[in-house]
Amino acid sequence: MEKQATLPYGKYVMVWFGLLALTALTVTAASLHFGKWSVLAAIIIATVKSSLVVLYFMNMKYEEKIFKIMLAVAILTLMVIMVLTFADILFR
Amino acid sequence: MSTAAHADTGHHLEHHQDHTGAKIGMWLFLFTELLMFGSLFLVYSDYRMQFPADFHYSASTLDPLVGTINTLILLTSSLTMALAIAALDRNRHRVAVRLMGVTIVLGGIFLINKYFEWSAKFAHDLYPGSETLSLMAEGERQFFNLYYAMTGLHGLHVLAGMIIIAVMLWLVARKPRQKYMLLDVKPARVALQDDSERNLLVLPAGEDLHEVHVTLVYEKHEELSRRHLIHLENTGLFWHLVDLIWIFLFPLFYLIT
């Protein structure tokens with residue numbers, strides 16, 4: 001029999017609880033009206049949530065190195081596109 | 001001794017690489033999805049920077065409660081999907097099938113909520129190209145165009161995910177063939193049929209054929225189901241990506257008031 005690639009059931013449930021808590025946090029943060037900072041707060045919380053999904057639900061934490069390199073290249077590409085576009089919009 | 005050990009390692013490695021290759025393929029596809037949605041988020045950011053007041057006003061017409069409920073539904077469906085894969089990994093295919101069923105139902109509830117949400121907006125004559133919308137400020141028009149384009153594209157992904165999970169459910173739940181019949185053992189032809197009367201083997205035997213040996217290897221249901229593990233894992237990756245996109249869509253459309 002092959003080695004099990006998946007985590008214990010309980011661990012997925014824990015991640016789910018974490019995601020629910022972060023959802024509550026982002027809804028609360030939005031209702032507090034931080035002004036300019038509320039967008040940043042929402043993006044940071046969304047990034048933490050997606051990290052949880054990628055690392056545990058999508059098993060990235062336990063994948064081989066090649067997957068991590070590929071993900072890093074993809075995210076970096078997206079960041080380059082975004083930063084250059086924002087630079088263009090803001091300093092045109 | 002050493003030859004046997006080597007052969008065993010070789011077999012293991014081959015299987016391992018196949019699994020990795022399949023997953024790499026799926027991730028490459030997910031990256032194209034990431035770039036597609038990423039560029040839409042870019043368009044969103046550009047218009048939002050140009051029309052912050054219009055965006056805030058328009059977003060206030062969306063119900064954050066519906067958005068929150070749909071977030072909880074998708075997060076939960078991601079959990080049931082991850083648990084389905086974990087169950088299949090432990091050869092518990094019945095549990096896996098049930099969890100896949102729950103995942104599909106949750107995806108369906110998400111889309112039903114979306115349907116009611118869109119219907120309410122349509123009832124107020126708010127949709128791309130509508131008269132009311134064309135009279136609104138530029139920023140409000142762009143907000144609703146993006147709202148429909150992005151949640152619409154995301155909704156199509158939910159639908160596609162549900163269909164793929166349904167196919168996987170059928171594959172995992174399908175019982176292995178139980179009965180086989182050997183037909184026509186005569187010099188001219190040998191045929192083997194399974195219980196759905198599908199021909200598994202037909203030998204156009206010649207005159208000189210006198211004996212046929214057939215070895216049937218029965219597979220247990222769980223062993224057969226486990227073969228689909230990599231496909232279910234890739235299905236899960238797609239489903240989680242759909243969840244990921246929603247994680248960003250939710251605050252950007254519902255929580256910026």
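Thresholds, definitions, all that
- Residues numbered from 1 in each chain as written.
- Chains lettered and ligands numbered in written order.
- Predicted model: local features only at pLDDT ≥ 70, side-chain atom pairs only at ≥ 80, totals over all residues.
- Heavy atoms only, no water.
- Helix = DSSP H or I, 4+ residues; strand = E, 2+ residues; numbered from the N terminus.
- Buried < 20%, exposed > 50% of the residue type's maximum accessible area, 1.4 Å probe, protein only.
- Contact = heavy atoms within 4.5 Å.
- Polar contact = N/O pair within 3.5 Å; in protein donor to acceptor, adjacent residues only side chain to side chain.
- Buried area = accessible area lost by both parts, 1.4 Å probe.
- Salt bridge = Lys/Arg side-chain N within 4 Å of Asp/Glu carboxyl O.
- Core = buried A, V, L, I, M, F, W, Y, C linked by side-chain atoms within 4.5 Å.
- pLDDT = per-residue confidence, 0-100.
- Axes fitted to C-alpha atoms, helices over the stretch in contact; angles between N-to-C directions.
- Parallel < 35°, antiparallel > 145°, perpendicular 65-115°, else oblique.
- Left-handed = near helix turned anticlockwise from the far one by under 90°.
- Phe/Tyr/Trp six-rings, centres within 6.5 Å; stacked < 30°, edge-to-face > 60°.
- Expected span 1.5 Å × (residues − 1).
- Patch = residues over 30% accessible without salt bridge, like charges linked within 9 Å, V, L, I, M, F, W, Y side chains within 5 Å.
- Areas by Shrake-Rupley, 256 points an atom, 1.4 Å probe, with all protein chains shown as cover.

Caption draft 1: Local environment of the overall build of chain B. Looking only at helices and strands, one finds 8 helices and 3 strands in chain B. Along chain B, helices (α) and strands (β) appear in the sequence α-α-α-α-α-α-β-β-β-α-α when read from the amino end. Relative to its 257 residues, chain B shows a buried fraction of 45%. Restricting to contacts in chain B with at least 6 residues of sequence separation, those with at least 24 account for 73%.

Caption draft 2: Spatial organisation of the side chain of B:His154. Residue and element names in this part refer to chain B. For His154, the position within the fold is in helix H6 (residues 138-173). Judged by its relative accessible area of 1%, His154 is buried. Looking at His154, its side chain comes within polar contact range of the main-chain oxygen of Val242, at 2.8 Å. Those residues in contact with His154 that sit more than four places away from it in its chain are Phe37, Leu74, Phe110, Val242, Ile245, Trp246 and Leu249.

Caption draft 3: Structural detail: the interface of chain B and chain A. Facing the 47 residues of chain B at the interface are 46 residues of chain A. Taken over both partners, the interface formed by chain B and chain A buries close to 4100 Å², and the fraction arising from carbon and sulfur atoms is 76%. Of all residues in chain B, the largest losses of buried area upon contact with chain A belong to B:Trp27, B:Leu42 and B:Arg90, amounting jointly to 15% of the total for that side. Taken together, the links from chain B to chain A amount to 1 salt bridge. Of the charged contacts in the structure, one is a salt bridge between B:Lys23 and A:Glu63, with a shortest N-O distance of 2.5 Å. Our count for the contact surface shared by chain B and chain A stands at 7 residue pairs in polar contact (both at pLDDT 80 or more).

Caption draft 4: View of the nonpolar core. Core analysis: the largest hydrophobic core is formed by 81 residues, its most contacted members being A:Phe57, A:Met58, B:Trp27, B:Phe143 and B:Phe253. Looking at which element gives the most residues to this core, the answer is helix H8 (residues 229-254) of chain B, with 16 residues. When near neighbours in sequence (up to four residues on either side) are disregarded, B:Phe143 contacts B:Phe55, B:Ser58, B:Ala59, B:Leu62, B:Phe253 and B:Ile256.

Caption draft 5: Expanded view of the confidence of the model for chain B. Chain-level pLDDT for chain B is 85 on average; 81% of the residues reach the 70-or-more range. Counting interchain partners and residues more than four positions distant, the pLDDT-below-50 stretch residues 1-16 of chain B has 2 contacts.

Caption draft 6: Spotlight on the side chain of B:Ser58. Residue and element names in this part refer to chain B. Tracing the chain through its elements places Ser58 in helix H2 (residues 52-59). You can call Ser58 buried: its relative accessible area is 0%. Here Ser58 is in contact with Glu140, Phe143 and Phe144, once residues within four sequence places are set aside.

Caption draft 7: A look at the packing of helix H1 (residues 9-31) of chain A against helix H3 (residues 64-89) of chain B. Interhelical geometry of H1(A) versus H3(B) gives an angle of 170 degrees and a closest axis separation of 10 Å. Classed by the angle they form, the pair H1(A) and H3(B) counts as roughly antiparallel. As H1(A) packs across H3(B), the resulting crossing turns out to be right-handed. Residues A:Tyr9, A:Tyr12, A:Val13, A:Trp16, A:Leu19, A:Leu20, A:Thr23 and A:Val27 of H1(A) touch H3(B), and the partners they reach there are B:Thr68, B:Thr71, B:Leu72, B:Leu75, B:Thr76, B:Leu79, B:Ala82, B:Leu83, B:Ala86 and B:Ala87.

Caption draft 8: Expanded view of the packing of aromatic side chains. Residues and elements named next belong to chain B. Counted according to the given criterion, the structure contains 21 aromatic pairs over all chains. Look at Tyr44 and Phe253: their rings are 5.2 Å apart centre to centre, the planes differ by 65 degrees, and that puts the pair in the edge-to-face class. With Tyr44 in helix H1 (residues 2-50) and Phe253 in helix H8, this residue pair connects regions lying 209 residues apart in the sequence. Judged by its relative accessible area of 2%, Tyr44 is buried. Considering the side-chain rings of Phe110 and Trp246, the 5.0 Å spacing of their centres and the 90 degrees angle between planes classify their relative orientation as edge-to-face. In this pair, Phe110 is assigned in helix H4 (residues 93-123) and Trp246 in helix H8, connecting sequence segments 136 residues apart.

Caption draft 9: Examining the environment of A:Tyr12 more closely. With respect to the helices, strands and loops of the structure, A:Tyr12 is situated in helix H1. The class for A:Tyr12 is buried, based on a relative accessible area of 3%. Each C-alpha atom of the pair A:Tyr12 and A:Tyr56 lies 7.2 Å from the other, and the pair is 44 residues apart in sequence. In contact with A:Tyr12, not counting residues within four places along its chain, are A:Thr6, A:Leu7, A:Tyr56, A:Phe57, B:Leu79, B:Ala82, B:Leu83 and B:Ala86.

Caption draft 10: Here's a closer look at H4(B). Across its 31 residues, H4(B) extends 45 Å between first and last C-alpha, which sits within 8% of the 45 Å expected from 1.5 Å per residue. Directly after H4(B), the chain includes B:Asp125, whose backbone phi takes a positive value near 60 degrees.

Caption draft 11: Expanded view of the environment of B:Asn199. Mapped onto the elements of the fold, B:Asn199 is located in strand S3 (residues 199-203). With sequence-adjacent residues up to four places away left out, B:Asn199 is seen in contact with B:Leu192 and B:Gln193.

Caption draft 12: Summary view of a nonpolar patch on the surface. All names here are of chain A. Where nonpolar side chains cluster on the molecular surface, the patch consists of Leu32, Phe34, Trp37, Leu40, Ile44 and Val48 and spans about 630 Å² of accessible area. Among the secondary structure elements, Leu32 is positioned in the loop between H1 and helix H2 (36-57). Residue classification places Leu32 among the exposed positions, given a relative accessible area of 52%.

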